[in-house]
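One letter stands for each residue in the lines below.
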Amino acid sequence: MPDPYTQLLDQRRNEGAVRGLAKLPKDFYTSTTTYLEETRRSYETDLRENPSSRKGEISRQTYQRASQLARDIVEARTSKLLSAAFQASVGGTREVANALPEERALFDRLVQNLTEYRRTSAPYLEPGAPSAAIPLAAAVPAPSPAAPRPESAPRAATESHPPARLEYVRILKDSRPLQIGPDTVDLRREDILQVPAETAQLLVASKLAERLRPAGPSPAT
């Protein structure tokens, strides 16, 4: 029977040669842990007794190389388990050939966590979730027959607040710009403006303009 170090060499080679999990002894994790612990204790004891001991140095190098072999095997298998768990969480098979008991327990936890993550953080990815592309007619519900039409509100506002009465004025002299509603108007001599009655009153009182009869000439802008 090959020694543990040679077995680790063969197991790493087999693991890298297959896409799924390679077949390992059921006690791989416990036996590998025991072997590495014994090898470490052996070289530490030898080097403690004789720091220049060749046997101790060989044992130390064997321990380091065996640890790296074991790490490569475990990391390769863990990567495969992660990929298989993701596929299972999106509807793939949950069968994992050659999984050891420790690995099967890890796989089941990964699937559960990934499934829960998708359900709570991205429910739209779950089968049967409503499509993100919703027709416009469905996305924008029609107004209720009992609801007032959109144009009714402005009409009601117009009826409750009749427009201000307008008057014509003639500008008598140039002056600084005047704010009339949302617009700013330059006041220039002989211009004829149509303004609200209150504005006309202010212009006349300030001797900047004079009122004109409604039949006067059209406003110049």
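Residues numbered from 1 in each chain as written. Predicted model: local features only at pLDDT ≥ 70, side-chain atom pairs only at ≥ 80, totals over all residues. Heavy atoms only, no water.

With respect to the overall build of the protein
Heads up, the condition is: Elements are defined by DSSP. Helices are runs of H or I of four residues or more, strands are runs of E of two residues or more, and each kind is numbered from the N terminus. A simple rule labels every residue: compare its accessible area, found with a 1.4 Å probe on the protein chains alone, to the largest value its type can have, and call it buried under 20%, exposed over 50%, or partly exposed in between. In this description, accessible areas are obtained by the Shrake-Rupley approach with a 1.4 Å probe, and a residue is regarded as covered only by the protein chains that are shown.
Secondary structure summary: the protein contains seven helices and five strands in total. Starting at the N terminus and ending at the C terminus, the protein contains elements arranged as α-α-α-α-α-α-β-β-β-β-α-β. Looking at the protein as a whole, 24% of its 221 residues qualify as buried. Total accessible area on the protein is roughly 15900 Å²; 55% of this is exposed by carbon and sulfur atoms.

What about the sheet that holds strand β4 (residues 192-196)?
Definition in use: Two strands make a pair as long as DSSP finds a minimum of two bridges between them. Interaxial angles span 0 to 180 degrees and are taken between N-to-C directions of axes, which are lines fitted to C-alpha atoms, for helices over the stretch in contact.
With antiparallel pairing, the three strands of this open sheet are ordered in space as β4-β1-β5. The open sheet has two edge strands, β4 and β5 (209-212), and neither has a second partner. Sheet twist, expressed as the average angle between the axes of neighbouring strands with direction ignored, equals 40 degrees. Inspection of the sheet shows strand β1 (residues 166-171) paired to β4 by five bridges, in the antiparallel sense. Pairing of Leu-166 across the sheet is with Pro-196, part of β4.

Considerations on the pattern of salt bridges
We apply this condition: The salt bridge criterion pairs a side-chain nitrogen of Lys or Arg with a carboxyl oxygen of Asp or Glu, the two atoms within 4 Å.
Evaluation of the coordinates by the stated rule reveals eleven salt bridges. The closest approach of N and O atoms between Asp-72 and Arg-12, which form a salt bridge, is 2.9 Å. Taken together, the residues Asp-72 in helix α3 (residues 54-89) and Arg-12 in helix α1 (residues 4-17) connect sequence positions 60 residues apart. Residue class for Asp-72 comes out partly exposed when judged on its relative accessible area of 24%.

What to know about unusual backbone geometry
Despite not being glycine, Asn-98 shows a phi value in the positive range, around 65 degrees. Here Asn-98 is to be found in the loop between α3 and α4 (101-121). In this structure Asn-98 comes out as partly exposed when scored by relative accessible area, which is 37%.

Examining the nonpolar core
To keep things clear, this is the line we draw: Throughout, nonpolar core names a set of buried Ala, Val, Leu, Ile, Met, Phe, Trp, Tyr and Cys residues whose side chains join them through atoms within 4.5 Å. Here, two residues are considered to be in contact whenever any of their heavy atoms come within 4.5 Å of each other.
In terms of nonpolar packing, the biggest core is built from ten residues, these being Leu-8, Leu-24, Phe-28, Tyr-35, Leu-36, Ala-66, Leu-69, Ala-70, Ile-73 and Leu-100. Breaking this core down by element, the ones donating at least two residues are α2 (28-49) and α3. Per element, the largest residue contribution to this core is four residues, and it comes from α3. Contact partners of Ile-73, with chain neighbours within four places excluded, come to Leu-8, Gln-11, Arg-12, Glu-15, Leu-24 and Phe-28. Val-169, Ile-171, Leu-193 and Leu-208 belong to the second largest nonpolar core, which has nine residues in total.

Re the confidence of the model for the protein
Inclusion rule: Per-residue confidence from the predictor is reported as pLDDT, which spans 0 to 100.
Confidence in the prediction for the protein averages 81 pLDDT; 76% of positions are at 70 or higher. The least confident element of the protein is helix α5 (residues 136-139), whose mean pLDDT is 41; the most confident is α1, at 96. Every residue in residues 132-140 scores below 50 in pLDDT, and together they form one contact with partners more than four places removed in sequence or on other chains.

A word on the layout of surface pockets
Keep this limit in mind: Residues are said to line a cavity or pocket when one of their atoms sits within 4 Å of a point; the points come from a 1 Å grid over protein atoms alone, cavities being sets where a 1.4 Å probe fits but cannot get out and pockets being open sets with protein on both sides within 12 Å along at least five of seven lines. Grid points are joined across faces, edges and corners, and a volume is the space filled by probe spheres set on the points. In this classification, Asp, Glu, Lys and Arg are treated as charged, Ala, Val, Leu, Ile, Met, Phe, Trp, Tyr, Cys and Pro as nonpolar, and every other residue, Gly included, as polar.
For the largest pocket, the calculated volume is near 220 Å³. Surrounding the largest pocket, Arg-19, Gly-20, Leu-21, Lys-80, Leu-81, Ser-83, Ala-84, Thr-93, Glu-95, Val-96 and Ala-97 form its lining. Classifying every residue of the lining of the largest pocket gives five nonpolar, three polar and three charged. Each pocket or cavity is described by its volume, and for the second largest pocket that value is around 150 Å³. Taken together, Pro-4, Gln-7, Leu-8, Gln-11, Pro-25, Asp-27, Phe-28, Ser-31, Thr-32 and Tyr-35 form the lining of the second largest pocket. Taken together, the elements giving at least two residues each to the lining of the second largest pocket come down to α1 and α2. Of the residues belonging to the lining of the second largest pocket, the class tally is five nonpolar, four polar and one charged.

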